[in-house]
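# A closer look at the structure
One-letter residues, chain by chain:
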Amino acid sequence: MDSNITTKKHKIVLATGNMGKCREFNRLLANTNISIIAQSEFNVPKADETGTTFVENAIIKARNAAKYSKLPALADDSGIEVDCLDGRPGVYSSRYCGENATDEDNLNKLLRDVSNYPESQRTARYWCVLVFMRNENDPTPIICQKSWEGKIILDKRGSNGFGYDPSFLIPILGKTAAEISPELKNKLSHRGLATDEMISILQQKYI
């Protein structure tokens, strides 16, 4: 087989401005022939996330990134849903405390909102939806969706991760998502599982 084929890097623009996500994807894709380029390198304007589901918002972001970069695009829309809050924050996870909220702002609001519920009712799950579009008009985007079960604790533990990780307890480990190593998180998490599935599909069909 031609070595040029096996070593060719396939460029895909990552439709996010979240540096935590960029770092995670770079680790997850380190051993593939996929080269991820942040959409900021193409001055891609922020997509207007008007969808009511993770799938809708991921498609909006992927199409926007593909349009302005002229490259295939990979978009991630993810968040956390808490059962005692009827699924909130959901698609509003990154702006739960307002449009310009920090991770700390969002987490503090979540902890306030669940504080009157017993731990048994604070079951929660992270969701990750990945969408790959070959171009902005791709009529058949690839969609991968995975979840990660846990519960919300009222204290914050650990310094790894980002977002709601310090209070997202993984019961089987007795640790939060911010207390485990990045390597273990990639094996267990919603984003790690969705990315593994996406890589497998891309390598079979497109790469």
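Up top is the structure these notes are about.
A brief look at the structure comes next.

## What to know about the overall build of the protein
On a plain count of helices and strands, the protein comes out with six helices and seven strands. For the protein, the α and β elements follow one another from N to C terminus as α-β-α-β-α-β-α-β-β-β-β-α-α. For the protein, whose C-alpha radius of gyration is 17 Å, the value lies close to the compact-globule estimate of 17 Å for 207 residues. For the protein, the spread of C-alpha atoms along the three principal axes comes to 60 × 35 × 25 Å. Per-residue burial over the protein gives 48% buried out of 207 residues.

## Details of empty space enclosed by the protein
Summed over the entire model, instances satisfying the criterion amount to one cavity of 30 Å³ or more. Empty space within the largest cavity amounts to approximately 40 Å³. If you go around the largest cavity, the residues you meet are I12, L29, I34, I36, L74, L130, T195, M198, I199 and L202. Looking at the lining of the largest cavity, the elements with two or more residues in it are β2 (34-38) and α6 (190-205). With four residues, α6 is the largest single contributor of residues to the lining of the largest cavity.

## Details of the packing of aromatic side chains
Per the stated rule, a full pass over the model turns up three aromatic pairs. On the numbers, 6.2 Å between centres and 25° between planes, the contact of Y126 with W148 is stacked. Placement of Y126 in strand β4 (residues 123-133) and of W148 in strand β5 (residues 142-152) is noted, with a sequence separation of 22 residues between them. Each of the two residues, Y126 as well as W148, counts as buried. Note on W148 and F168: the rings are 5.4 Å apart at their centroids and 55° apart in plane angle, and the pair reads as tilted. Of the two residues, W148 sits in strand β5 while F168 sits in strand β6 (residues 168-170), which places them 20 residues apart along the sequence. For W148, a relative accessible area of 6% puts it in the buried group.

Criteria and thresholds
Residues numbered from 1 in each chain as written. Predicted model: local features only at pLDDT ≥ 70, side-chain atom pairs only at ≥ 80, totals over all residues. Heavy atoms only, no water. Helix = DSSP H or I, 4+ residues; strand = E, 2+ residues; numbered from the N terminus. Rg over C-alpha atoms; globule rule 2.2 N^0.38 Å. Buried < 20%, exposed > 50% of the residue type's maximum accessible area, 1.4 Å probe, protein only. 1 Å grid on protein atoms, 1.4 Å probe; cavity = no way out; pocket = protein on both sides within 12 Å on 5 of 7 lines; lining within 4 Å. Points joined across faces, edges and corners; volume = space filled by probe spheres on them. Phe/Tyr/Trp six-rings, centres within 6.5 Å; stacked < 30°, edge-to-face > 60°.

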